[in-house]
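Inside the fold
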Amino acid sequence: MNIKQVVLRHLEMELKAPFATSFGSFQTKEFILVEVIDEDGASGWGESVAFHSPWYNEETVKTNWHMMEDFLLPLLFQAPIEHPNELRRRFSHIRKNNMAKSAIEGAVWDLFAKKNNMPLSEALGGKKKQIEVGISIGIQKSVDDLLRMVERYVNEGYRRIKVKIKPGWDVDVVRELRRHFPDVPLMADANSAYSLEDAEHLKALDEFQLMMIEQPLAADDIVDHATLQSQLQTPICLDESIHSYEDARKAIQLGSCQIINIKIGRVGGLSEAKLIHDLCQKHNILVWCGGMLESGVGRAHNIALTTLENFVLPGDTAASSYYWERDIIDPEVTVENGMITVPENSGIGYEVNRRQVDRYTTFAKVYRA
Ligand code: OSB
Ligand code: MG
């Protein structure tokens, strides 16, 4: 592949409803869409999952633009690419900035799969024709509101319910949920709102048969998580703390978690995500695919990754309509009975709707080799 041109677009999409976590609340989703174009004029699409503010990790929309424009695009244009796996190496002397790397790598994977006339899932080695998904529900104004939301999405068929927790919105809320939904596969995501001093408090969650508690402790910690896991019956799942294969290897060695949420952007791309998947499979660590309130482009990448064998737990990839009035892909992602049918068209398998992209684009810039 000879990448001749890259278009970076800055988009703003309104969420249907605000999404609240322990670290902040979203109403507008601002993100960068990456289009790579080769010498034949074929396009590949990627999405940066960096948010406007550095809440979830240290990256932002602006730092991603800077990293791409000043460092990553020059490396991309430097030489032809035989296989997208090569970018992991090519970008390796740029430290971190994983979401920026991933957005470009994802676009190249899409292009690669299209050039080879195969779905991205197949290019990655995925075999599933359908994937199982759950839904992530933000912190609500009241427990009643949350109960109504959970009821709605259980009835829609989602395979597990994830609720966001934080100090003051945790044990009592989960108790109420369990009282109303004794058998629903349920989990809680703390987005690192606790410290080891809260261990006794978190132990109170053990009686509710949660599938897991996600990222209870600091976003950069794997040591205290190991201590906490030794005291909790509930499996710990790491999200924020795992940025690479090496992080995953160390967390597994320390016993910091039993489950890993793999987010393509957080780990720097699909190639790294696949390596983590393979490592976890070898060590009986279960994985699932996390979400970052993506538009359809990011959603499509998540779906393709989830077709790999060890993605045995339902992911966070909900239907487009959960977040968006109108997504930027055709068809939109739909969920039936908690399942998404994996697209069979080449590349990400969904058509990017340029009219919708233009509608949401606030500015764009073209870069040439
Ligand atoms: O921790 O998984 C997370 C949303 C924003 C930032 C972090 C997280 C989330 C979610 C929602 O849980 C995932 C989604 O539905 O895309
Ligand atoms: Mg999380």
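Residues numbered from 1 in each chain as written. Chains lettered and ligands numbered in written order. Predicted model: local features only at pLDDT ≥ 70, side-chain atom pairs only at ≥ 80, totals over all residues. Heavy atoms only, no water.

**Some points on the nonpolar core**
Counting 125 residues, the largest nonpolar core has Val34, Met68 and Leu76 as its most contacted members. Counting contributing residues, this core receives three or more from each of domain 1 (3-117 + 353-368) and domain 2 (122-341). Not counting residues within four places of it along the chain, the set of residues in contact with Leu76 comprises Ile3, Val6, Val36, Ile81, Leu87, Arg90, Phe91, Ile104 and Val108. Residues Met187, Met212, Trp288 and Leu313 belong to the second largest nonpolar core, which totals 6 residues. (Core = buried A, V, L, I, M, F, W, Y, C linked by side-chain atoms within 4.5 Å. Buried < 20%, exposed > 50% of the residue type's maximum accessible area, 1.4 Å probe, protein only. Domains from an automatic or database assignment. Contact = heavy atoms within 4.5 Å.)

**Points about the coordination of the magnesium ion (ligand 2)**
The magnesium ion (ligand 2) binds to the protein through Asp189 (OD), Glu214 (OE) and Asp239 (OD), with metal-donor distances spanning 2.1 to 2.3 Å. Along the chain, the residues donating to the magnesium ion (ligand 2) are arranged with the sequence spacing D-x24-E-x24-D. Here Asp189, found in strand E7 (residues 186-189), pairs with Asp239, found in the loop between strand E9 (236-238) and helix H9 (245-254); they are 50 residues apart in sequence, far enough to count as distant. Accessibility assignment for this pair places Asp189 and Asp239 in one class, buried. (Donors = N, O, S within 2.8 Å, 3.2 Å for Na, K, Ca; no water. Helix = DSSP H or I, 4+ residues; strand = E, 2+ residues; numbered from the N terminus.)

**With respect to the site of ligand 1**
Near ligand 1, the surroundings consist of 18 residues, among which Ser136, Lys164, Asn191, Leu293 and Tyr323 are the closest. The separation between an oxygen atom of ligand 1 and a polar side-chain atom of Asp189 is 2.9 Å. Separating an oxygen atom of ligand 1 from a side-chain N or O atom of Asn191 is a distance of 2.7 Å. Within the complex, the protein chains bury 100% of what would otherwise be the 400 Å² of accessible surface of ligand 1. Residue composition of the shell around ligand 1, by class: 7 nonpolar, 3 polar and 8 charged. When residues are assigned to domains, the shell around ligand 1 turns out to be shared by domain 1 (3-117 + 353-368) and domain 2 (122-341), each giving three or more. (Near = heavy atom within 4 Å. Polar contact = N/O pair within 3.5 Å; in protein donor to acceptor, adjacent residues only side chain to side chain. Areas by Shrake-Rupley, 256 points an atom, 1.4 Å probe, with all protein chains shown as cover. Nonpolar A, V, L, I, M, F, W, Y, C, P; charged D, E, K, R; others polar.)

**A few points about the side chain of His243**
For His243, the position within the fold is in the loop between E9 and H9. Since its relative accessible area comes to 18%, His243 is described here as buried. The residues touching His243, leaving out its near neighbours within four places in the chain, are Lys96, Asn98, Ala219, Arg266 and Val267.

**Description of the domain arrangement of the chain**
Frequently, the measure chosen for interface size is the accessible area that the parts lose on association. Each domain of the chain was delimited in the assignment, giving domain 1 (3-117 + 353-368) and domain 2 (122-341). On a C-alpha basis, the centres of domain 1 and domain 2 stand 23 Å from each other. Each partner contributes to the interface: domain 1 provides 40 residues, whereas domain 2 provides 43 residues. Per-residue buried area on domain 1 facing domain 2 is highest for Lys16, Phe19 and Tyr56; these three make up 21% of the total on that side. Inspection of the domain 1/domain 2 interface yields 1 salt bridge. Grouping the amino acids of the side of domain 1 that touches domain 2 by side-chain chemistry returns 21 nonpolar, 9 polar and 10 charged. (Buried area = accessible area lost by both parts, 1.4 Å probe. Salt bridge = Lys/Arg side-chain N within 4 Å of Asp/Glu carboxyl O.)

**Re helix H3 (residues 98-115)**
Over its 18 residues, H3 extends 25 Å from the first C-alpha to the last, a length consistent with the 26 Å expected when each residue adds 1.5 Å. Taken across its 18 residues, H3 has 16 buried, putting it largely inside the fold. Once H3 ends, the next one or two residues include Asn117, with phi positive near 55°. (Expected span 1.5 Å × (residues − 1).)

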